[in-house]
Structure formats: C-alpha cells, structure tokens
Amino acid sequence: GGGGGGDDTAGGASAEKLTIYTARDKKVSTYVVDQFTAKYPEYKGKVEILNLGAQEILERVRAEKANPQADVWWGGTQQGLSAGAGEDLLASWQPAFASKMDPKYKDAEGRWFGEILLPEVIMYNNKALTPEQAPKDWDDLLKPEWKDKIIIRDVAASGTMRSIYASMIVRQSPDGSNPQPGYDWLKKLDANTGAYAANPTDLYLKLSRQQGTISAWNLQDVLLQANQSNMPFGYVMPASGAPVLVDGIAAVKGGNTTGAQKFMEFLFDDKLRADLAKDYYQIPAVDIAEKPEWLAQLGLKPLDVNWDVIGKNETEWINHWNSQIKNKG
Amino acid sequence: MSTIPATPGPATTAPVTGEPTPPGGSRRRFADRFSGGTGSRWFPYVLVFPLALILFGYVVQPMFATFAESVGVDGVENYGSFVTGGGVARSSLVTSLIISAASVLLCGIVGVAMAFLLKRFSFPGRKLIEAIILVPAALPPLIGAISFQLLYSETGILPRGLQQLFGTENPVLPFSGIAGVLIVHTFTMYPYFYLSASAALSGMDPSVEEAAYNLGAGRVRVWRTVLLPMLTPALVSASLLVFMTSLASYTAPLLFGVDQTMTMQIYINRTNGDLPMASTYASVLGVVSVLFLLGMRWYEGRRSYRSQSKGVAAHRREITNPLGKWLALTASILATAVLLAPVATIALVAFSADGSWTTEVIPAAYTMQNFVTIFSDPAAFQPILNSLQMSLLATVACVVVGVLIAYAVRRLNFRGRGLLDVAVMLAWALPGTVVAINLISAFSTGNAFSFGQVLIGTFWIMPLAYFVRFLPLVFRSSSATLAQIDPSLEEAARNLGASWWRAFGTVTLRLMLPGVVAGALLAFVHGVGEFVASVLIYTSDTAPISVEINNRMYSFEIGTAAAYGMLQVVLIFVVMVVSGRLEGGRRSSREAAKWTA
Amino acid sequence: MIDVTLESVSKRFARGGDTAAVDDVDITIAAGEFFTLLGPSGCGKTTTLRMVAGFYFPTSGRIRFGTEDVTRRPPNKRDTGMVFQNYALFPHMSVAQNVAYGLKIRKVGRVESRRRVEEALGQVHLAGYGDRRIDELSGGQQQRVALARALVIRPRTLLLDEPLSNLDAKLREETRVEIRRIQREAGTTSIYVTHDQAEAMAMSDRIAVMESGRVQQIGAPQEIYHQPATSFVARFIGRSNVLSLPVLTAAEQSVTVGLPAGGEITAPAPTGHGLRQGDTALVSVRPEHLGLTSATEAGALPGRVTEVEFTGMATNLVVDVAGEPVQVAAIDVPAGIAAGDQVGLRLNRERMWVVRP
Amino acid sequence: MIDVTLESVSKRFARGGDTAAVDDVDITIAAGEFFTLLGPSGCGKTTTLRMVAGFYFPTSGRIRFGTEDVTRRPPNKRDTGMVFQNYALFPHMSVAQNVAYGLKIRKVGRVESRRRVEEALGQVHLAGYGDRRIDELSGGQQQRVALARALVIRPRTLLLDEPLSNLDAKLREETRVEIRRIQREAGTTSIYVTHDQAEAMAMSDRIAVMESGRVQQIGAPQEIYHQPATSFVARFIGRSNVLSLPVLTAAEQSVTVGLPAGGEITAPAPTGHGLRQGDTALVSVRPEHLGLTSATEAGALPGRVTEVEFTGMATNLVVDVAGEPVQVAAIDVPAGIAAGDQVGLRLNRERMWVVRP
Ligand SMILES: Nc1ncnc2c1ncn2[C@@H]1O[C@H](COP(=O)(O)OP(=O)(O)OP(=O)(O)O)[C@@H](O)[C@H]1O
Ligand SMILES: Nc1ncnc2c1ncn2[C@@H]1O[C@H](COP(=O)(O)OP(=O)(O)OP(=O)(O)O)[C@@H](O)[C@H]1O
Ligand SMILES: [Mg+2]
Ligand SMILES: [Mg+2]
C-alpha cells in the first residue's frame, strides 16, 4: 500500500501521485485515465482510481478532511458537490474550460464544475411496449392503464430520483411556495407505482423481467443499458421537457492540486469528450464541436425548473413524500 | 499394640527455611502477582487493560462521538421523535425490532435443527453437507440479496415456476416486504445458530440427557427442558448476533422495499444531509442493542450450564430405529437444497448471458463468457488475494483477542466485566459504515492507538476494520463454549503446576476449540464478504472482492458480478472443507457416529 | 413373579479390548426384590445397569420386564429411576427443580409435586436446600440430590449405581434404611450397584457377584458370605483366607483335609464338589472365624504375626502360617501384640467352606 | 517440623446461607504427616482442601506452608498434587496423557516420563489402559486415573479428596496401602479427605473431625476413637451410644454415674470435664463394647431387642433400654435371636468415656 496521498514525494519523480475518487463506471474511468497517462506519461502508474458510489465519495472525503487522501472527486450530483463545497472540502480554482461553461452548470466560486448533463426521461421496456404505446409525457404516467406497471428506483436514497420528484413539484409551483399540487400529483404516481426498486441494478432487473414496464430514469443509463447490456429498454423524451441534472467534478482541498487540475483540464479535452459522448452516451456540460449522431438527434428539451428552489426545499419535500405519500396512493 | 505412630513421623522433605525473606523478595512478590494467574487480584486487570484500551479507542469512544453528534443540534427533538410516534422514527424502530425478533426466531429454528441433524446422526455425505451448510453465510453482498429476489420475489424463479406449473394467472407465493426480508435473514444468518449450537452440542455432558430420558422424558421434551436450556449460552450468543445483524441489516430491507427501518432511515438521513438525525438513529440502534444484550446476559446468568458430573461421561446413545438415520439424511438434503438455492441462483446468473434472462423462469441461454471476462483481466485475482489476506489477518487477531476477552468476562472477577462485554458487542451493533467512518476519523492523523501512524490509505486500516467489526463473532462463540466447561479442569492443570497460560493453552482453550473455530470461521467468512466498511477505506491496492463485485453490479455487469460471486463462494467452500478437516472432521463424524452407532 | 430378566446378555465395546465388558450374564429378579450387583471396579456393573435402563443395547442376549421384551425399548419408556454413578444432575436447574423433573413429566400437580419434592429432600437430609444451584453443593450433597430425583418418581424399577459412595458412614446408614423403607413400601424392584460389601449384605435380598463381566455367584447375602461358590467370591465378600489343603477323604457334603502342622479337619462342601482323595481342596476361612490363641494349643495352626492394624472395632493381623499369609480379625487382642509374636490360630469347622477355584 | 498451617481460616460463600462453609479452622500439620479430614457430607472438607490448594481464598485467616504465607499464592506455585472429588480429568487426553500432564510441566524427559506414567498406572491397577480415552473407563477406573495423576508428580503436599470412594473394598485397601507407601517413601505431607472412618483410622497419623465447618477434635485415631471430645465425635467415629446418666460422684479423671436399672458404674472422663454431682453426664459406649447376656445378669442393663441386622462379620442389634434405643454389635449372637427377645447388656467400665455435648 502507498503512504498518505498528497504528501507522497518519495523517489523524486517528476509527478506526484494522483488519487481519484470516482462514481463513474469503471469502464469509463479506466478509459479516461488511460488516455490521460498516454498524454502525460509522467503520470504513468501514478494515478490511483477508486470506484465508489457518489454518496460514499462524500462520506469518505468528509471523514478524511483532516488528512485528505483524494485529489479529485469525479462524479457527483450538484447537491452532493454543493454539500462538499459548503463543508469546505473542495479547492477553488478557475480552469480554462470554465469560461465556456454555462454558469448554471458550475459553482460560482469555482469549487466544482459540471461535467455531464443527465436528462431524466421516461424509460420503458421495449419488448413489452411499442414506442407508440409508451407514455409521451409526465402526466401520462398517471393514467389508469399504467396501474402497477411503473417501477420507481426508490426515491429517498437516490439523487437522480430526488431531483425528478422535486422537479415534478416545482413544475406546478415554480417558486416552490405551494408544494401541494405537486404532492397530489406524486400521490397519483404512487398509486400507479407497482414497486420501488432498491438500486439501479434492481430497477433494471425488475423492468427487464417485466415486473413493470415503465420507469423514469436518466437518459445516459438507458442508452448504456440498451446498447451495451442488451437490455430491452427504450426512452421517451417527455413532451413537457426533461429535468436536466448536472453531474460534476471537483478538486479536493489539501490534495495534489497540480495533478488534479491537470486531470480536470484534460477531461474537458474536445476529442475525449467526443469519444465519451459516442461510446458512453455522455452529454457534456460544455459545447463540443463533434457530436455523435445520437446526440445531434436528441432534441433535448430541458424542463424549465429553478434548481435553487429545488436545492432549498428538496429535503423537506422528499421527507414529506417519504412519510406521507409513499405507498399511500 | 498398634503400628500407628502416636506422633507425626519425621519429615524427609527439605525443611522450610525460617530465614527472613531474601532481598529480592519484594520484587519477586511483585512478579508473582503478574504471573499469578487467576489467583492474583491484578491479573484480570493486566489481562483486560490492553483489550479495554483497544475497545475504548475503536468502539466506545467513536460511539460516544456519534452520540455527541446526535445531541449537538436539536438533540431533544431528535430523540423525542422516537417517543412521540406519528413520525417515521417510531415506526422504523418498531419495524426493526419486529424484524429482528422474528429473524432470531426463524434463524434459531433452522440453525438448531440443522445442528441437530448433522451432529446427532451420521449418514453418507454428512461431511459434505457440513461444509456446504456455511456457504449461504458467504453470499456476496448485494448480489447475494439479489439472488433471493431472483428466487422468491414476484418475478422470481419459484413463484414463476409455480405459476407455470399450476397455470395460474399470477406468480404463486411471491415474497415481498417484511416476509422477503425475513427469508433473506433466515437463510443468511442461520449459520450463527448452526455453528454455536453444534459447538455446544459437542461439548455437552451427555449423561444429563440420559438422566432426562431415564426420568421418562420423550425426545421432544428432552430437547425442550434439557438440551435447549443447556444450549442457552450458545443460543444467547447466536441470538445476540442475529438480533444485532438484523437490526443493522440494510440490503435486505432495501431490496424488499421495507424502508421504515432504522438502517434505511440512517441512510436516508445521511443522503438528506441530516447528520445529527442519522447519528440519533445510530445511537438508538446502539442503545437497543445494548439493552438486548443486557437482557440476554441477565437471562443467561440466572443459571449454570457447566457439567457438574463426576468424571467424564461417554458420548453414546444407541438409537433404536435405523429409520432416524435415513430421515435425517433426507431432511438434511432437503434443507441443504433450500439453503443452497440462492447460491445456485447466482451460479445460474453467472452462466447466463447478460440480458438473456427476462421473463423466463430460468435463463434461456448459457455462456462461459462471464468467467472468460474475469480471467482475461490480469488483475482478476488481486481482489481475491486481498480479501483472503486481510480477513485472515483480522481473523487471527480476532481469535487472540476474542478468546482472551471471553475468558476474562466468563471466568475472572473484576470491576467492569459487564462493560467490557457491552463494549465488544457494541462494535457489532453499529452499522459498518459508522465503524468505518469512526476509524477514518481516528486514523486519518496519527494517534496513540496506532503508535502515531497514519493508517488511512494504508493496507492496515482494512484488517483493523475487519478486526473491530468481527471481534464480537469470535468473542461470543468462544464465550458460549466456555460457559459449559467445568472450571475444575483448569484447576486440575494449575494444580499440576501449569502456569495460567499453560493451563489455558493445553486445557481450557483446547476444550473451547469448537466454539473458537466456529467464531473464527464466521469472522473469516464475513471478512471475505465485507463491503459497507471496506468501500469507505479501501485503496486501489487493497480493493477487496466485495468492492470488485459491487463495481460490476454498479455498471450492471450482473453476469460477471455473479461470476465473481461464485469465485467467492468457491473460495469459502474450500476454506470450510479445509477447516473441517483441520478441526478434526474425523472427530466430529465420530462424535456424530456415537449417537447412532 | 419375575420382574426383570437378563438372558445371556453380553456387551462388547468397540474399543474395549478383546474382552466383553459384560459377558453372557443371566439374571432373574423377582418383583419387589432388592437385588445387588457387587464386584470389583471395572467388572461391568454400570454397563449391566445401563443396559437395563436402556442406554446401551446388549451386543447379544435379551432383557425382559415381566414377559415383555424390552431389549430395544427406548429408555424413557421403561419407567426406571436411575441414580447415575456420576450423578448427571441438570446444572441449569435448582435442587428442587432437579427433583421435580420426573414428577412434572408424570403430570403430578403442583401442590402434590412440591410436597413430594420436599419429602424426598427430607429423606436425603437436604431439607432447605431446594433453592440452591447444583454447583453450590458439596459432592455428597449432589449425590443425595441424584438419589432424591430417582426416588421421588416411585418408578417401577429403581436402578442405583453406587448411590451412597460419597456419603459418610452415618448418613450412608441412615440413607440406606430410607431407601429400603421406600422400596419396601412401594414394592419397587431395585437393582443396586455397590462396591461396599457390608452395604450389600445389609440391604440386599439377593446379590450377584461379578468379575470381569461374568457373574460368579447369585444368592442371598448369608449364602454368599458363608458358602461362597468360588475363591474369588470368598476373597471378595468380606475377606477370606483360602487355604489349599490336601483332601484326605471326601463325603457328599464335606471334605476332610490335612493341616500343615499335622492333624486334620472336616470342612463342609457344596454338593457336587467333585473332590477326591489326593486332590487339593480350597478351603475358605474368614479372618473373624479364626481364634487367636497360644502357639502351642493342640489343633491350632501355629504361625508368626507379620502385621498388626487397628481399625476401630477389630484389630486386623496377618499371620504367617507355613509361608502363607493368613488374615485374622480379632475383637479382643492381647494388649501389646506385635509383629514377630508367635501365635496359634484356632479353626472352627462349622465356619469353613470348600470353594471352587 | 510444621509444614502446613491453617490459622483461623474461614470461608463464606456468597450464596451459602448464614453459615460459613469453613468456620475459624486452626490446623497445624507436620512435615511428612498423613493428616485426615473426616466429617459428614457438606461439613467443609472439600472447601478446606481447596483453600490449601489455592482455588479458594479464605474469607479470613491465613494459610502457611512452613513459614511462608501462601494464602494468596497461585495454585501452580504451591506444588500440591490434588485428587479432585469429581476427578477433573482432561477429557481430550488419553489416560496416559492425563497422567503425564504434570510431568510434562515439570519437564521430565520422555523416557523417564513414560516409565513413571506406567509405574503410576500399575500402582492403581490400570496397567495397559494408557491409550484409552477417559470416557471409555468405568467410574472407578476414572477415579484411579485421577489418583495416578496426582501421585506421579511426587508433589510436596498431596491433597486427596475422597480418592477411593468409588472403589471396591479390596481395591481400596490395596490402593490405600500403595498411597501410604508412596507417601512414606517420599515423606510427602498429605491431607486426606474421606467419609470412611475405618479408612481414616487405618491410614492416618492424625485426624481432624469436622462438623458444619468447625473442627470438633484433632487427634490420633485411637485417641479420637476411644476418647472422643464430644458426643458428635463419639457418634460419628464408628457408632456409639451416648447415654445420659446422672452423676453420683465426680473425680478428676472419672465420673461415677447411676444406671437406669439401678446400680452404678465409674467411667473414665477427660481432665477438666467440669461435671459435679447431680449433673447429667454423657457417657459414650461403643456397640461392640456392649456384651450380650441374659436379661437377668447382675449389673447388666436389661432391655428388649427391637431390630436385628446381619452385616457379615457382626450382627447389629438395637436394644430398647428404658425407652432409649441402644446399639449393639455382637460377633457371636445366639442363633435365632429376634426382635422382641429380652436381653441384658454387659457394660465394660474401661471402654466407657465421658464426652462433652
Ligand atoms: N459455591 C458454593 N456456594 C455456596 N455454598 C457452597 C458452595 N460450595 C460449597 N458450599 C456449601 O459449603 C458447605 C461445605 O461444602 P464442602 O464441599 O466443603 O463439603 P464437603 O465436606 O466436601 O462435603 P462432601 O463430603 O459432601 O463432599 C456445603 O454445605 C455446601 O453446600
Ligand atoms: N465406552 C467404553 N468403551 C470401551 N470400554 C468401556 C467403555 N465403557 C466401559 N468400558 C469398560 O468396560 C468395563 C466395565 O465397565 P463398567 O463401567 O461397567 O464397570 P463398573 O463395574 O461399573 O466399574 P466401577 O465400579 O469402576 O464403576 C471396564 O473395564 C471399562 O473400562
Ligand atoms: Mg460403575
Ligand atoms: Mg467434598
């Protein structure tokens, strides 16, 4: 095992060790790091990747605050990263790509930056339903024909789902002052929900084994499952728009800043972004020149919601949903 | 007129000198105290102090930190929510308690029944079943629980199979909610009961059982009034472990959608960022566990379970009907099949092509691809080696420390005995995440417990975490067997001149061995499968097998994850077989044979 | 009425060496009889008892209760009350609970049960110990609990395996009177194992003397004592001197033998003894039936005292008669008698008996 | 030379009721002495022994070996060899391994160790049983293994807690000779617990008689037998009739008492007996010192036989003398004597003794 992360200068090598905590898929992270070390050979053998869940990254970074082990926090929701920033865990800086980025996709103080966009769409089992049969918009989910056909990844523990549900509330009360119509809507959705899935895997299993036929999920994963794992999944871009989540990256405060910054700059390399978009269905948070076909044809329609309102109220709303609505519709 | 000397005969032994104590006397006295064994008033403290320090540093103090956090902000309100009801807090607590109590009951029935079948009957294949029977305990996290879903849930093999068989409209007998949680708990935790009950059965004084038969008690009654009560220490030990595991169980409620449980609420609150409330849940969890522990201690302490017989009674009862043997064989095979079903399901997944298994009862297409994928990765074996190495290290440490604490708590008289007991078990009651976070906070800078070393980011933090988490397993099961052993055996050894250490090693420990081995096996198996704590402290060099499985699960490579899971199962199975040999498979079948000879 | 029958019962243990622990034993015990198994340590007493209780199955032979074959009947269906040699008390129960166990199984009411438990504890002098834990009792107290536990259920057959071995003489005597009383009142058939021959003599209706798994003699105490069948029995029951003496003439029920110091004496012998003139007869004489007299008395065996041991009631001497050590127990010995003294031993023809080897 | 000293040693158990298990015991044992603790079941013998061995600490008082205070010395530093009342054999070791255990600790070489183990097993008549597992032995055989295990290490002090209780008379006698021989040869100080008073008499240099945790009398066997200090000792050691008789005249070492049937007799009494005319003296008479005679003989106590029990060597009778049951042991009783017969009991003034209550 290696010694402590950031202060490991032994051997007088030209580059310090770089430790990355990532919530990205292992295939993605391996691919990116391979490209990175190809470009910066001094980092060969010096990059250590730990694949963790987004929540675990937060826990780890938080617990290691006194002696940070990680340099890069790669992959986390806007909420998670903001929490980290709020707890003074993240380093603040201004990379080159920041200027190209829409301010709503990054932290104002430069402590984290959006990397990819995750539109939340309607997913369906395309063995059980034809694209014509699938619901076209969020409100279609409440139709009686979908009674018990909907599978939902359990909300409280999932950043993705929390955002979708909060968006559904904000959709009906843009300033968040009156969540009641949203609650009513969610209650009807709960009535149609056949089962809550424990985690993504569970969701995929339940859906593919037709315990239900519809779900709400992020586009990237739907495409990945359908194209790489043979899953019978299709998606519908909701007519009224998809809530778009930002998944980002940050440099950990007290870590190997040089390496972290070099890595983050590299991640926004145009070529790399294009590859990731093509192979891993990522929608970059910055504009890229060369879009793969699926992205060009996507027709992404963001749902117009105020994320600050969501950020402020999410916990309360989700707690309410969890205790008053879930399984009661 | 008699040959009896009126006065005592002359002494021929070396006379005792009447000289004053030599100069070194006082120092020798002092040394005596420390080598003085159970006799010295100091001994218990000398033995226990380092242990208490470890426990304080790694378990108690972090627990207090958790508690402090929970009362820091809105403390009264947080705890109040458990009392006032209405909210989630109270119903979570109640649900958790119900699940735990029911799990104890179900695991008890399955575990003790298996122990009885396997320890009291000898039949062909018994040894194989003995090795297999612990495999369910080794089910990899996540995929293990998923295998239960694949088996018993609405879309599972069994309900769908029955549906097809009977041609019904809906799946038959699907398990969901609490029932589903209980089925997972039963099949993964019964080994606690199985192991401790079998260790206790082999250490029990058989003549006591005979006495009950002689007084006219039938087989059932003997079990109810003599054997089970005599197994109390073992059953208490297993109940504690099962109760606390169920209380802290996370994956099963998660998968079966029972979200009003303590652990789910801890997780949800952490995700919400409400750390004080999460800590409150964790503290309540700890308090409930401690209360349960104290209750069990009291219950167990009311009676004695030591053999009081004169001499050593033969283990032998000759059974009249050979039918019993064959019934036992049938029952064992059936039970094993049921217990192994989840493992078989994982195997099924491992050999099926990803995405090929949707609405069918069993997969339609089979492939070796998953294994090829794993083995084509040059680093495929690294996580396996890591897990083996780390849990072996931790197991060794658990055995050394756990056995000594068990001895101290059972046999020595000192202040704070009960506290020590509680401190050890607390580590088990705490969720793994909490233990890991505590360790990170403790070792992210150097401190006294690590001799000033920063352990975070090193190899050592992992075995240390396993040690802290799994110490209670060894401690409990050692303590249970110790309760049966007549202390006069140790006294005899001491009387023959053995130092405390020697008497302990050659007699007490030797007689405790079945329990120690049972605990060590559990610790090892759990170490190999540990995930929740590992994921927070592993480094890329020390990635354990569970993290590897989890990564593959995460990217929904369920086939390769299952293939990895199978490797883990096979590994554990091999360890079981080997340890079965080591621990005297011959002896155990001989013991069993004695009951049916 | 015959109550317990052992028919050519043998028991071999897997690791018991070549010899059987119990070897072709035939015993018939009448209903209500107090029957004792007596024999040296390791002769198979416990094994026999355990077969009757149902804990061992005979390797061959059968066991009957009355006319029923119970050879393979489970122990809990035999209605025997056994005192185990190792006590086998339930450590997780109090003294009273131990004693009450069998009553509970027999569904005796609570009040009645409490009464009987108290009575039984009183009978073994443990009144007031009911609430004690077993590990808080002395060895002898534990043994008495074991006894009370077997007595209280008033079983059809009592099996007592050295139930008094850890009690002092006083208590032992009192307890054996108690056992006998209970046994007689209820007419319980009892099989009693003891290593104490005085106890066996005092209590038993009949005694079986065993050696190395075989029964040597079965008979009433007096019969076994006065007319031992073999030299083993003669030596084992009480003490006995077995003198090898030349047969001068043999009658049907007596044999006249020559004495080493000259002279002859006629000793009673069992019918069918099969001895003839010229054979060597084994004549058993008990130490207390040898009178101590002067070395010169006519008809007495002259010898030299080699050992003197005071035992309370009597004084034991060993007298060397023509190279053979002869044991003598005398109540009133001349004061100051010591090793080396020359004495004479007076024989009593009525109290001699010819035995088989 | 003093070897073991108990100074006002008491032991109370947490749950032992009000009374102490051992109560203010003072004992001094000389080096090489064979000292016996004798007393009824539960009187505190084992507790005393365990304090000497170091398994219990006295609640108060001290224990010395020679001049060293060992009250709190750990058991393995005491060099005592103990035979436990419950044997405490190591079930996971063979017979030979059990016996060899102490030798191994004493680092005796393998060859020598094997030799000594075999010798010890021979001494307890278990040669050839070395490879057996403990649970394959009979009760008496297990007890002998426990004995061999303690003897083989030749400890400084031997502590024997009823080591022969499960052996037959024959073997017990042989074994006790063996124990005495080994003990004498090595000059081992020994504390022996037994419930068998004949054994205590035959083996011991001195005996302490205990009752309810207290020492009643310490003395040589003959002294205890013939001059019991208290009526308890008189009754406990052997059997004794303690007659309450009115004191007519009292001398320094004797007391003259009146007999119920008229007449008087002078009985020896311990110095300082403190009796005066008009007091009631307790006079102890042993059953075997009462002669059976005709009811009419002058100076004899007339009475009526109420019980007759045959015990082998002697016949025990209970004779009712003026309402008091008096025990009689007679060697030669008139044939056909039975309950209801009128008899006379002849007193022997030499064999009477005045005791404290
Ligand atoms: N652990 C204990 N707790 C309470 N009382 C006890 C304990 N051990 C012994 N006693 C009591 O102390 C008294 C003395 O016990 P001890 O074992 O010394 O008797 P003993 O003289 O050896 O009797 P025995 O001949 O029956 O073995 C007994 O009345 C017994 O009940
Ligand atoms: N399980 C066993 N395996 C082998 N041999 C055994 C077993 N149990 C007893 N024996 C042997 O069988 C013989 C008879 O044993 P048993 O217990 O019947 O003797 P016992 O007459 O009761 O003797 P004791 O008076 O010593 O209790 C003994 O020689 C003993 O060693
Ligand atoms: Mg026996
Ligand atoms: Mg005792």
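Residues numbered from 1 in each chain as written. Chains lettered and ligands numbered in written order. Predicted model: local features only at pLDDT ≥ 70, side-chain atom pairs only at ≥ 80, totals over all residues. Heavy atoms only, no water.

As annotated in an unreviewed UniProt entry, chain B carries the name Iron ABC transporter permease and comes from Micromonospora peucetia. Entered under Sequence similarities (unreviewed entry) in the UniProt record, the comment concerning chain B runs "Belongs to the binding-protein-dependent transport system permease family." (UniProt positions renumbered as here; feature names shortened; annotations may be inferred.)

A. Region of the structure containing the overall build of chain B. Looking only at helices and strands, chain B features 26 helices and 0 strands. Expressed as a percentage of its 597 residues, the buried residues of chain B come to 62%. Of the contacts formed within chain B by residues at least 6 apart in sequence, a portion of 77% connects residues at least 24 apart. Just so you have it, chain B exposes about 21700 Å², and 67% of that area is on carbon and sulfur atoms. (Helix = DSSP H or I, 4+ residues; strand = E, 2+ residues; numbered from the N terminus. Buried < 20%, exposed > 50% of the residue type's maximum accessible area, 1.4 Å probe, protein only. Contact = heavy atoms within 4.5 Å. Areas by Shrake-Rupley, 256 points an atom, 1.4 Å probe, with all protein chains shown as cover.)

B. Local environment of the coordination of the magnesium ion (ligand 4). Note on the magnesium ion (ligand 4): its protein donors are T46 of chain D (OG1) and Q85 of chain D (OE1). The metal-donor distances range over 1.8 to 2.1 Å. One end of the pair, T46 of chain D, is in helix α1 (residues 45–53); the other, Q85 of chain D, is in the loop between β6 (80–83) and α2 (95–105), and 39 residues separate them in sequence. (Donors = N, O, S within 2.8 Å, 3.2 Å for Na, K, Ca; no water.)

C. Representation of the relation of the copies chain C and chain D in the model. Take chain C, turn it by 180°, move it 0.2 Å along the axis, and it overlays chain D with an RMSD of 0.2 Å. The superposition operator between the copies reduces to a two-fold rotation axis. The rotation axis passes nearest to the C-alpha of S165 of chain C in chain C, at a distance of 2.7 Å. Most of the interface of chain C is mirrored in chain D, where 100% of its interface residues again form contacts. (Least-squares fit on C-alpha atoms with pLDDT ≥ 70 in both.)

D. Fine view of helix α2 (residues 95–105) of chain C. The element α2 of chain C is largely enclosed, with a buried count of 8 among its 11 residues. When α2 of chain C is considered as a whole, its buried residues turn out to be V95, N98, V99, A100, Y101, G102, L103 and I105 of chain C. Packed against the buried residues of α2 of chain C are α9 (206–214) and α10 (219–230) of chain B together with α3 (110–123) and α4 (139–152) of chain C. Directly after α2 of chain C, the chain includes K107 of chain C, whose backbone phi takes a positive value near 55°.

E. Structural view of the site of ligand 2. For ligand 2, the set of nearby residues contains 22 residues, the closest of which are S41, T46 and T47 of chain C together with S138 and Q141 of chain D. E162 of chain C is positioned such that a nitrogen or oxygen atom in its side chain is 3.5 Å from an oxygen atom of ligand 2. Out of a free accessible area of 640 Å², ligand 2 has 94% covered by protein chains. Secondary structure elements with two or more residues in the shell around ligand 2: α1 (45–53) of chain C together with α4 (139–152) of chain D. Of the residues assigned to the shell around ligand 2, the class counts are 5 nonpolar, 11 polar and 6 charged. (Near = heavy atom within 4 Å. Polar contact = N/O pair within 3.5 Å; in protein donor to acceptor, adjacent residues only side chain to side chain. Nonpolar A, V, L, I, M, F, W, Y, C, P; charged D, E, K, R; others polar.)

F. View of the side chain of N166 of chain D. Of note, N166 of chain D is situated in the loop between β7 (157–161) and α5 (169–186). Within the local environment of N166 of chain D, its side chain forms a polar contact with the side chain of K310 of chain B, the two groups lying 2.8 Å apart. Once you skip the residues sitting within four places of it in the chain, N166 of chain D turns out to touch K310 of chain B, Q85, E162, S165, N166 and H195 of chain C together with Y87, G140 and Q143 of chain D.

G. Spatial organisation of the site of ligand 1. Close contacts around ligand 1 come from 22 residues, with S138, G140 and Q141 of chain C together with T46 and T47 of chain D the closest. Among the chains of the assembly, those with residues near ligand 1 are chains C and D. Residue S41 of chain D places a side-chain N or O atom 2.7 Å away from an oxygen atom belonging to ligand 1. At 3.2 Å from an oxygen atom of ligand 1 is found a main-chain nitrogen or oxygen belonging to C43 of chain D. Burial of ligand 1 by the protein amounts to 91% of the accessible area it has alone, namely 640 Å². Within the residue set of the shell around ligand 1, elements represented by two or more residues are α4 of chain C together with α1 of chain D. Of the residues assigned to the shell around ligand 1, the class counts are 5 nonpolar, 11 polar and 6 charged.

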